[in-house]
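So the chains spell out like this:
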Amino acid sequence: MNYIELTVPDSMRNHGTMWSRWKSRGVPAYLLALLLTGFYVLVYWFPEPLAPLASLLDPLAQLLRGSAADRWFLYGTVYTIAVFVMGARMLLRYRTQRYHVYRTLTLMTVQLMMSYLIPALLARMGSKEFYFSYFWPLKPEYLFPSNISALVQSDNGLLMFMGFWTITMTVVATPVLTYFYGKRWYCSWVCGCGALAETAGDPFRQNSDKTLSAWKIERWMVHSVLASVVSVTGLIWWANVDPASPIAPYAQDANKVYGFLIGSVFSGVIGVGFYPLMGARVWCRFGCPMAAVLGLIQKYASRFRITTNGSQCISCGNCSTYCEMGIDVRAYAQRGEDIKRASCVGCGVCATVCPRGVLKLENH
Amino acid sequence: MRIVIIGNGVAGITAARYLRKLSDHEIIVVSEEAPYHFSRPAMMYVSMGHMTYDNTKPYEDWFWKKNRIELVHDAVSAIAPSFSSGDEEGFSPGKYVVAMLRGETIDADTIIFATGSEPAWFGWTGEHLPGVQAYVHKSDLEALERNVQGARNAVVVGGGLIGVEAAEVLHARGLHVTMLVRESGFYRRVFPAEESDIITKHIAAQGIDLRLSTELDRIVGGENGGRVDHVITSSGERIQADVVILATGVKPTIDLAKQSGLNTDRGILINDRFETSLPNVFAIGDCAQFEHGVEQLWYTARAHGEHVARVIIEGAGPYVRGTYFNSAKFFELEWQVYGEIPADSDSTTSEYWSELQPIRCLRIAHRNGVVIGIHGIGVRLRQDVCTTWIDAGATIEVVRKNIQSAVFDPEFTRKVTV
Ligand SMILES: Cc1cc2nc3c(=O)[nH]c(=O)nc-3n(C[C@H](O)[C@H](O)[C@H](O)COP(=O)(O)OP(=O)(O)OC[C@H]3O[C@@H](n4cnc5c(N)ncnc54)[C@H](O)[C@@H]3O)c2cc1C
Ligand code: SF4
Ligand code: SF4
């Protein structure tokens, strides 16, 4: 019999990761972090230097949006290119594993369509620039009264659909899908932040902090952010219902502060800027209120778990090392326990790197 | 009561953890190899840069103090009966003094030997030359880093599970690797012909120069007795080597036990409650030898550790090993086994299924139609399902029909069709 080896050397996938100065917080990693952070600071607050770069994209912007390229168009384009280039790398790297192939292709498609082309075309049509793949509380304003009433009460069918979509996805689909599949349906298959993390962020996943103290900080932080976004949304609604109330004047301020601290500084500057230093899921783990909601459902009301295969674990630590969410997977696996953690985004990499076939993502 | 455990491998550490869970006794773990417990099977991932050494430690360093498990990083050099207190003659039976290399001593009411195993070498000419090493202990990790510097050719002696890991490591480090294997097919002592053939070809396809039915004759150094230069095989062939890894198996570490007057054979002799020939002295893990022999696996060492704690604290009965299981990886190919797959299995005593791209195979061994073992290469199998079948004496028909319920492959993987 003639055995033709078409499988790539999967076991070599992480060869040299710990010696790479890019991947293991060497000088290049710090420089890259500086570059990414700098880019975000420019995009958010000092866009002038980016203008010439953006104007290069004018023809494309005219084509897609029917207007000149601004910094947000530049940002969206760079982001989408990053997802595609690094997505191709991801596909090559994990090409023997269908789970990774399917979810990476899905993430790339969703990013291109829902976060790039469709919003641009909507803008071109003069409609609302709407992102079908983002929901409250990741995009808090989608459930703000101004937005909801404008969409739902509109006599434009498209806008009505957007309103219907936002409400249904947030209130019905999110809990139902999370009940059946865990938070991964969103974080590792749909979300744009996830798309960047799972592609551009893959080389850095091992830099997540696995210590117990990091887990404590994570729980405290991510739930505080969730509490803030709930409060801000509540305030805005309150101010809307009772404009005469004494808190009404502060509602918009609260929203602005939230938008600055969480929306810009945390999710952008730190969330992406720190990829090379703390792994790609800094935002998803410590800051994302959507992840917090999905996590609570996943932990307390979901069929999803990572099953441990009996006593086969050899405590090697590959799973924990490559968990981008900093979950100490081994701590559960070596005791023969299933893993049911709020933060797990179901990326499946722990199961892939396990050399003993101990872990399996399942919807029981 | 003070319990002293010698060795912080998985056996000793599991014993310590369960002793803590079940009791409030004082627990001291003395070990010479590394200050903290690490995963020995993870060594190869450190050598390939997949993980740092710190990543191989299953518990954070604060864990031990928090759980009141005292760690001592030293070698135990002697154990003697305690004369400090006790009956008229000053001798207290079943109490000991543990002496350490650096001079400290500790009194112990109970001692657990968990000294593990060490490389078994066979006195080859040249085995102590620079560049020749084993791949078992932490010091071997460090030796490998030195030995691969500037090296081009490597020879791995031994076609066992550690041998294939050593070959993978050296190959990943860019060396040309020749492997000397005594059997006529890789792991043929354990694997039926088909599986052995698959693995043999797979290893060769990775670029390993696999020499079957070949043994090591001697190792030869370079000019003026320097570093290893080449090896000579049993057939007289000369193979260039800057590094030689001798992976010809391990043997229980029993020197200390012997000196301390414990009965030993290959390992430290114990009954099925891990009791040695001296009162209150137990032995577990790789270093222990039952009436039926030694059990030298990560899994068994862990099970021994848990059970000895139950014996000491709860007076538990005999240790009963559950249905056999094991797993390993041969470069790309994962292997999991439950129960017994005789190496001479054929179509009359087993069902065999295989696929080539990617390589996957599955064998269900039976005795007169009753399933005795299941193993898979490139197919992950559920331990609970497989062992339940084997323990219940399921028939080959039942297992074949329901095989998909035992498959543990990732979602979207192609189904197995036995
Ligand atoms: C490279 C490699 C890969 C392996 N992979 C697998 C695998 O995939 N699956 C599997 O089932 N098994 C595997 N094994 C076997 C497995 O690691 C052992 O069965 C297991 O580690 C035994 O544990 P233990 O606690 O009995 O002994 P050890 O892990 O050997 O620990 C014994 C400890 O005691 C210390 N010690 C000894 N004497 C003294 C003394 N006098 N004073 C102080 N300290 C002392 C030693 O330094 C050592 O640290 C592998 C082994 C190796 C070497
Ligand atoms: S536990 Fe596994 S699936 Fe979950 S986030 Fe970590 S690596 Fe991904
Ligand atoms: S990678 Fe697998 S064998 Fe290693 S610690 Fe994790 S579950 Fe255990």
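Residues numbered from 1 in each chain as written. Chains lettered and ligands numbered in written order. Predicted model: local features only at pLDDT ≥ 70, side-chain atom pairs only at ≥ 80, totals over all residues. Heavy atoms only, no water.

**Observations concerning the site of ligand 1**
Surrounding ligand 1, one finds 34 residues, the nearest of these being R356(A), E33(B), V76(B), D286(B) and W298(B). In this structure, ligand 1 is bordered by residues of chains A and B. For ligand 1, an oxygen atom lies 2.5 Å from a polar atom in the side chain of E33(B). Contact with the protein chains hides 93% of the accessible area of ligand 1, taken as 1,000 Å² for the molecule alone. It is helix α8 (residues 298-314) of chain B that contributes the most residues to the shell around ligand 1, three residues altogether. Residues belonging to the shell around ligand 1 are distributed by class as follows: 17 nonpolar, 10 polar and seven charged. Two domains each donate at least three residues to the shell around ligand 1, and these are domain 1 (2-118 + 251-314) and domain 2 (121-248) of chain B. (Near = heavy atom within 4 Å. Polar contact = N/O pair within 3.5 Å; in protein donor to acceptor, adjacent residues only side chain to side chain. Areas by Shrake-Rupley, 256 points an atom, 1.4 Å probe, with all protein chains shown as cover. Helix = DSSP H or I, 4+ residues; strand = E, 2+ residues; numbered from the N terminus. Nonpolar A, V, L, I, M, F, W, Y, C, P; charged D, E, K, R; others polar. Domains from an automatic or database assignment.)

**Describing the side chain of D140(B)**
All names here are of chain B. Here D140 lies in helix α4 (residues 138-147). Of the side chains with opposite charge, R40 comes closest to the buried, unpaired D140, at an N-O distance of 7.0 Å. Polar side-chain contacts of D140 include one of 2.7 Å to the backbone nitrogen of H137. In contact with D140, not counting residues within four places along its chain, are Q133, A134 and Y135. (Buried < 20%, exposed > 50% of the residue type's maximum accessible area, 1.4 Å probe, protein only. Lys, Arg positive; Asp, Glu negative; His and termini not counted. Salt bridge = Lys/Arg side-chain N within 4 Å of Asp/Glu carboxyl O. Contact = heavy atoms within 4.5 Å.)

**Observations regarding the packing of helix α1 (residues 27-45) of chain A against helix α11 (residues 248-273) of chain A**
All names here are of chain A. Where α1 contacts α11, the axes come no closer than 7 Å and their chain directions differ by 150 degrees. Between α1 and α11, the angle falls in the class roughly antiparallel. Judged by the sense of rotation from one axis to the other, the crossing of α1 with α11 is right-handed. Packed against α1, whose contacting residues are A33, L36, T37, Y40, V41, Y44 and W45, the element α11 presents F260, G263, S264, V265, G268, V269, V272 and G273 at the interface. In terms of residue class, the contact of α1 with α11 is made up of 10 nonpolar, five polar and no charged. (Axes fitted to C-alpha atoms, helices over the stretch in contact; angles between N-to-C directions. Parallel < 35°, antiparallel > 145°, perpendicular 65-115°, else oblique. Left-handed = near helix turned anticlockwise from the far one by under 90°.)

**Some words on the domain arrangement of chain A**
Residue and element names in this part refer to chain A. Split into domains, chain A comes out as domain 1 (23-131 + 141-297) and domain 2 (305-359). Of note, the centres of domain 1 and domain 2, computed from C-alpha atoms alone, are 27 Å apart. Both faces considered, domain 1 and domain 2 share a buried interface measuring about 1,700 Å² in area, 56% of it formed by carbon and sulfur atoms. For the interface between domain 1 and domain 2, the tally reads two salt bridges. For the salt bridge of R281 with E324, the shortest nitrogen-to-oxygen distance reads 3.3 Å. (Buried area = accessible area lost by both parts, 1.4 Å probe.)

**Some points on the state of the cysteines**
If you walk through the whole model with that rule in mind, you get zero disulfides over all chains. Unpaired in terms of disulfides, C191(A) finds its nearest cysteine sulfur in C193(A), a separation of 4.1 Å. Looking at the unpaired C361(B), the closest cysteine sulfur is the one in C386(B), lying at 14 Å. Given a relative accessible area of 0%, C361(B) falls into the buried group. (Disulfide = S-S within 2.5 Å.)

**A look at the pattern of salt bridges**
Using the criterion set out here, one finds 43 salt bridges over all chains in the structure. Note that E26(B) is salt-bridged to R2(B), the shortest N-O span being 3.0 Å. Note that E26(B) is positioned in strand β2 (residues 26-31) and R2(B) in strand β1 (residues 2-6), a separation of 24 residues in sequence. Under the relative-accessibility criterion, E26(B) is labelled partly exposed at 36%. If you follow the salt bridges from partner to partner, you end up with R89(A), R93(A), R103(A), E198(A), D202(A), R205(A), R281(A) and E324(A) in one network.

**Describing a nonpolar patch on the surface**
On the surface, V152(A), I167(A), V171(A), V172(A), V176(A), Y179(A), F180(A) and Y181(A) cluster together into a nonpolar patch covering about 660 Å² of accessible area. Relative to the helices and strands, V172(A) resides in helix α7 (residues 157-181). (Patch = residues over 30% accessible without salt bridge, like charges linked within 9 Å, V, L, I, M, F, W, Y side chains within 5 Å.)

**Section: the sheet that holds strand β26 (residues 370-377) of chain B**
Residues and elements named next belong to chain B. Strand order in this open sheet of five strands is β22-β23-β26-β25-β24, and the pairing throughout is antiparallel. Where the open sheet ends on each side, the last strands, each with one partner, are β22 (325-330) and β24 (350-355). Ignoring strand direction, the axes of neighbouring strands in this sheet form an average angle of 10 degrees. Sheet topology note: the β22/strand β23 (residues 333-339) ladder contains six bridges and is antiparallel. When the sheet's bridge partners are listed, F325 is paired in β23 with Y338. (Pairing = 2+ DSSP bridges.)

**Here's the deal with the domain arrangement of chain B**
Accessible area lost upon the coming together of the parts is a frequently used measure of interface size. All names here are of chain B. According to the domain assignment, chain B contains domain 1 (2-118 + 251-314), domain 2 (121-248) and domain 3 (325-406). Each side of the interface is counted separately: domain 2 has 21 residues, and domain 3 has 18 residues. Summed over both sides, the interface between domain 2 and domain 3 buries roughly 1,600 Å², with carbon and sulfur atoms accounting for 73% of that surface. For the domain 2 face of the interface with domain 3, the top three residues by lost area are E195, I198 and H202, together amounting to 30%. At the surface where domain 2 touches domain 3, the tally comes to two salt bridges. Linking domain 2 with domain 3 are six residue pairs in polar contact (both at pLDDT 80 or more). Elements with a contribution of two residues or more to the side of domain 2 that touches domain 3: α5 (161-172) and α6 (193-205). In terms of residue count, α6 provides more of the side of domain 2 that touches domain 3 than any other element does, seven residues in total.

**A few points about helix α4 (residues 71-93) of chain A**
Residues and elements named next belong to chain A. With 23 residues, α4 extends 32 Å between its outermost C-alpha atoms, agreeing within 8% with the 33 Å of an ideal straight helix rising 1.5 Å per residue. Taken together, the buried positions of α4 are F73, L74, Y75, G76, T77, Y79, T80, V83, G87, M90 and R93. Where α4 is buried, its residues contact α1, α2 (51-56), α3 (58-65), α5 (98-124) and α9 (192-199). (Expected span 1.5 Å × (residues − 1).)

**Focus on the packing of aromatic side chains**
The tally for this structure, following the rule as stated, stands at 43 aromatic pairs over all chains. An aromatic cluster of three or more residues is present, and its members are F39(A), Y40(A), Y44(A), W45(A), W72(A), Y75(A), Y79(A) and F260(A). Cation over ring: R341(A) sits above W215(A), and NZ or CZ is 3.5 Å from the ring centre. Here the guanidinium or amino end of K138(B) rests over the ring plane of Y53(B), the centre of that ring lying 4.7 Å away. (Phe/Tyr/Trp six-rings, centres within 6.5 Å; stacked < 30°, edge-to-face > 60°. Lys NZ or Arg CZ within 6 Å of the ring centre and 35° of its normal.)

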